[in-house]
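Coordinate analysis (summary)
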Amino acid sequence: MKINIRNEGEVTIVDLEGKITIGEGDVLLREAIHELTSQSDPKILLNMARVAYMDSSGVGELLACFQAVNEQGGTLKLLNISTKIKDLLQITQLLSVFEYFNDESNALASFG
Amino acid sequence: MKINIRNEGEVTIVDLEGKITIGEGDVLLREAIHELTSQSDPKILLNMARVAYMDSSGVGELLACFQAVNEQGGTLKLLNISTKIKDLLQITQLLSVFEYFNDESNALASFG
Amino acid sequence: MTTPHSDIVYVEMQFSTSLAILDLIQPITNRICEQLGYDSDAQYWIWLATQEALNNAIEHGNKMDTNKKVQLKVTVDAGEFRITVKDEGDGFDLSKVPDPTKPENILKTSGRGLFYMKSFMDQVEYTTENGTTVTMIKRLQEQTP
Amino acid sequence: MTTPHSDIVYVEMQFSTSLAILDLIQPITNRICEQLGYDSDAQYWIWLATQEALNNAIEHGNKMDTNKKVQLKVTVDAGEFRITVKDEGDGFDLSKVPDPTKPENILKTSGRGLFYMKSFMDQVEYTTENGTTVTMIKRLQEQTP
Ligand SMILES: Nc1ncnc2c1ncn2[C@@H]1O[C@H](COP(=O)(O)OP(=O)(O)O)[C@@H](O)[C@H]1O
Ligand SMILES: Nc1ncnc2c1ncn2[C@@H]1O[C@H](COP(=O)(O)OP(=O)(O)O)[C@@H](O)[C@H]1O
C-alpha cells in the first residue's frame, strides 16, 4: 500500500492506495496514524478512493486507527469508501460508527 | 494471440502479438498461414516483434508454417525475433533454416 | 462458459505457511469463478472468504510456523464451487467464537473473519481433527452479499 | 531477498488435466525465482522448462483425459529449485526419444520439449512408475542458457 499525507488547514488528509489486508498495508497504516496522533486533537480524513481491497484485518485496522485518534481527543473520518468496503462495514454494524463522505470539500467542512 | 495481416506489394506481412504455445496461438497461426498459402507463390513475412513467449510447440508450428509455404512454392521469412526466440531456434539448429531480419524494409527488399 | 476441455474442475494445493502465497492463489479462484459465470462482485466476495480462511489457517492454525503446511482444495462439481482449507494447528472451539455483531463486540479490532466467510458463502463447515478443516460452498449463480 | 517469513519454500499442486491451469502456475514459479534471486532471463527459461514438462504430462501422459490429474511440486532447498511434474499416463521409453538436433530430425515439427528442458535446467530425471515423473533441478545463481 502507498500512503500520501497532505494538510488542508487543520485537517490531515491521508491518501491510501492499494490493499489493506493482513501483512499488506495494515502495518503501514497503523504507523502513519500513530505518527499523526502524536499531535494533540488530530483531525484526520482517510481517503480510501484508491483502496481496492480490504479484508477483516483491514476492517480491524481501521477501527484501531479510529480508536487511537479518539483517545487523543481527535477525529477520524472516511472519504470515498467503495461499495464493497461499505458492505463490509455495514454487515458488521460498523457503518454508523464511522462518519464518511463522498466529497472532499464537504468532508473538510464537516471538521468545523 | 492476435494476428493482423497487411500487404506490402507482393509480400504479406503477418503481425503476431502474444504467445505461440500449445493451446494458445498455435492453431490461429496455422489457420492464418493456411489461408495465405491458398494463393500460389506466397511471400510471407512473419513479424514477431510482439511475440513475448514461445515454447517447443510454437517452434514446431513455425516450422510447419515454413514448410507449408515452401510446398506452395512460396517463401516465409521472419522479422524482429527476440533474443529468446533466437536462442530457442539456435540451440535446436534452426536459426540457419529461417531467414530473419530486424528491419521491415530490408526484409521486404529481400523478397526481390 | 468455456469448453469443458479447458475447464479447471479440481485444484489441490499444499504450501509452506506463508502469506506470500495469497496473491498467487487469487488468480486461481478468480479463474474458476469466471468459468462458473460469477460476475466480478461474486468473485470479490468468494476471494474474500477464501482469503479469510487462509489467513486463519496461517495465523491461528499454523501460527506462522513455516515448517507447517496449509492445504487448499478447490473443486467444481454439479455447479457447486467448494473451497476447503486445512491447517496443522490445534483446532478451536467454534461455539466459543464471539459474534462480532453483538454490541459488546462491534468495536473490537478483530474477530470478523468467520462472520464474513459465513456471510458471503452459502455454507461454511468446520471440523477439527489433526488441525482445522474449513469447507466453504458457493452454489452456482447466487450472488452475494 | 525477502525475509524467510514471507518466503515460499514448498508448493504442491494437483489439478485436473487442463491447459488452462498453465497461466495460473507461471506466477508461482516466477515468484519463487524472484525469491531465489534469478534474473528475468533465468525466470523465462525455468518457466519454459516447467511448461514443457506440464505440456507433456497433459498431452502425452494424461492424453487430455480430464478425469486424470497432474501433480506439480516446487520446492526450494539448500539453494536448489526443484520442480517435479507427475502424470497418470503409461510412461515412455526415454532412450527411444529421438535427438531433435540430429540432421534427420531438425525439420520435424515436434520433439523439442525434452531437449529444451535439459538445456535450461541443471538436471532432468525421469521415472516411469504409475505414470511419468520428471524432476528438474536448477541450482542457485547459474544463469541460462
Ligand atoms: N484455523 C484456525 N485454527 C485455530 N483457531 C482458529 C482458526 N480459525 C479461526 N480460529 C479462531 O476463531 C477466532 C475468530 O476467527 P475470525 O473470525 O477469523 O477472526 P480473527 O481472525 O480476526 O480473530 C480466532 O481468533 C481464532 O481463535
Ligand atoms: N509425460 C510423458 N508421458 C508419455 N510420453 C512422454 C511424456 N513426456 C514425453 N513423452 C514422449 O517423449 C516424446 C518427446 O517429447 P518432447 O521432447 O517434449 O516433444 P513433443 O512433446 O513435441 O513430442 C513425446 O513425443 C512422447 O512420446
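Now for a look at the structure at hand. (Residues numbered from 1 in each chain as written. Chains lettered and ligands numbered in written order. Predicted model: local features only at pLDDT ≥ 70, side-chain atom pairs only at ≥ 80, totals over all residues. Heavy atoms only, no water.)

Now for the packing of aromatic side chains. All chains considered together, the criterion is met by 14 aromatic pairs over all chains. Considering the side-chain rings of Tyr116(D) and Phe120(D), the 5.9 Å spacing of their centres and the 10° angle between planes classify their relative orientation as stacked. Placement of the pair is Tyr116(D) and Phe120(D) together in helix H3 (residues 113-120), with a separation of four residues, close to one helical turn. By relative accessible area, which is 1% here, Phe120(D) ends up buried. Three or more aromatic residues joined by ring pairs form one cluster here, namely Tyr53(A), Tyr44(C), Trp45(C), Phe115(C), Tyr116(C) and Phe120(C). The ring of Tyr44(C) has Lys84(A) sitting right over it, with the charged end atom 4.8 Å from the ring centre. When the ring centre of Tyr10(C) is taken as origin, the NZ or CZ atom of Lys69(D), which lies over that ring, is 4.5 Å away. (Phe/Tyr/Trp six-rings, centres within 6.5 Å; stacked < 30°, edge-to-face > 60°. Helix = DSSP H or I, 4+ residues; strand = E, 2+ residues; numbered from the N terminus. Buried < 20%, exposed > 50% of the residue type's maximum accessible area, 1.4 Å probe, protein only. Lys NZ or Arg CZ within 6 Å of the ring centre and 35° of its normal.)

Residues and elements named next belong to chain D. Inspection of the region around ligand 2 gives Asn56, His60, Gly61, Asp87, Phe92, Val97, Ser110, Gly111, Arg112, Gly113, Leu114 and Thr132 as its neighbouring residues. Here an oxygen atom of ligand 2 and a side-chain polar atom of Asn56 are 2.7 Å apart. In this structure, an oxygen atom belonging to ligand 2 sits 2.8 Å away from a main-chain N or O atom of Gly111. Look at ligand 2: alone it shows 530 Å² of surface, and the protein chains cover 81% of it. Among the elements of the structure, helix H2 (40-61) and H3 are those that each provide at least two residues to the shell around ligand 2. For the shell around ligand 2, the leading source of residues is H2, giving three residues. Residues of the shell around ligand 2, tallied by class, amount to three nonpolar, seven polar and two charged. (Near = heavy atom within 4 Å. Polar contact = N/O pair within 3.5 Å; in protein donor to acceptor, adjacent residues only side chain to side chain. Areas by Shrake-Rupley, 256 points an atom, 1.4 Å probe, with all protein chains shown as cover. Nonpolar A, V, L, I, M, F, W, Y, C, P; charged D, E, K, R; others polar.)

This part takes up the pairing of strand E4 (residues 123-128) of chain C. Residue and element names in this part refer to chain C. Bridge count for E4 against strand E5 (residues 132-139) is six bridges, and the pairing is antiparallel. Opposite Tyr126, over in E5, you have Val134 as the bridge partner. Counted between consecutive antiparallel strands, the loop separating E4 from E5 contains three residues, among which Asn130 sits at a positive phi close to 50°. (Pairing = 2+ DSSP bridges.)

Right, let's get into unusual backbone geometry. Despite not being glycine, Asn80(A) has its phi angle at roughly 55°, a positive value. Relative to the helices and strands, Asn80(A) resides in the loop between strand E4 (75-79) and helix H3 (83-91). For Asn80(A), a relative accessible area of 25% puts it in the partly exposed group. Positive phi values are uncommon outside glycine, yet Asp41(B) reaches one of about 55°. As for its position among the elements, Asp41(B) is in the loop between helix H1 (26-36) and strand E3 (43-54). According to the relative accessible area criterion, Asp41(B) is partly exposed, its value standing at 40%.

Another aspect to go through is the interface of chain C and chain D. In this assembly, 23 residues from chain C lie in contact with 23 residues from chain D. Applying the counting criterion to the chain C and chain D interface returns zero salt bridges. For the interface between chain C and chain D, the tally reads six residue pairs in polar contact (both at pLDDT 80 or more). Going through the elements one at a time, strand E1 (10-16) and helix H1 (22-35) of chain C are the ones with two or more residues in the side of chain C that touches chain D. Broken down by element, the residue count for the side of chain C that touches chain D peaks at seven residues, all from E1(C). In this structure, E1(C) lies alongside strand E1 (residues 10-16) of chain D, joined through five bridges in antiparallel fashion. What sits directly across from Phe15(C), in E1(D), is Val11(D). (Contact = heavy atoms within 4.5 Å. Salt bridge = Lys/Arg side-chain N within 4 Å of Asp/Glu carboxyl O.)

Turning our attention to the sheet that holds strand E2 (residues 69-77) of chain C. One open sheet accounts for ten strands, arranged E4(C)-E5(C)-E3(C)-E2(C)-E1(C)-E1(D)-E2(D)-E3(D)-E5(D)-E4(D); its pairing is antiparallel. Each of the sheet's edge strands pairs with one partner strand only, and the pair in question is E4 of chain C together with strand E4 (123-128) of chain D. The mean inter-strand angle of the sheet, taken between neighbouring strand axes irrespective of direction, is 10°. Where strand E3 (residues 80-86) of chain C lies against E5(C), seven bridges are found, and the strand directions are antiparallel. Bridge assignment links Ile83(C) to a residue of E5(C), and that residue is Met136(C). In the packing of H2(D) onto the sheet, the strands contacted are E1, strand E2 (69-77), strand E3 (80-86), E4 and strand E5 (132-139) of chain D, and the crossing angle to E3(D) comes to about 15°. (Axes fitted to C-alpha atoms, helices over the stretch in contact; angles between N-to-C directions.)

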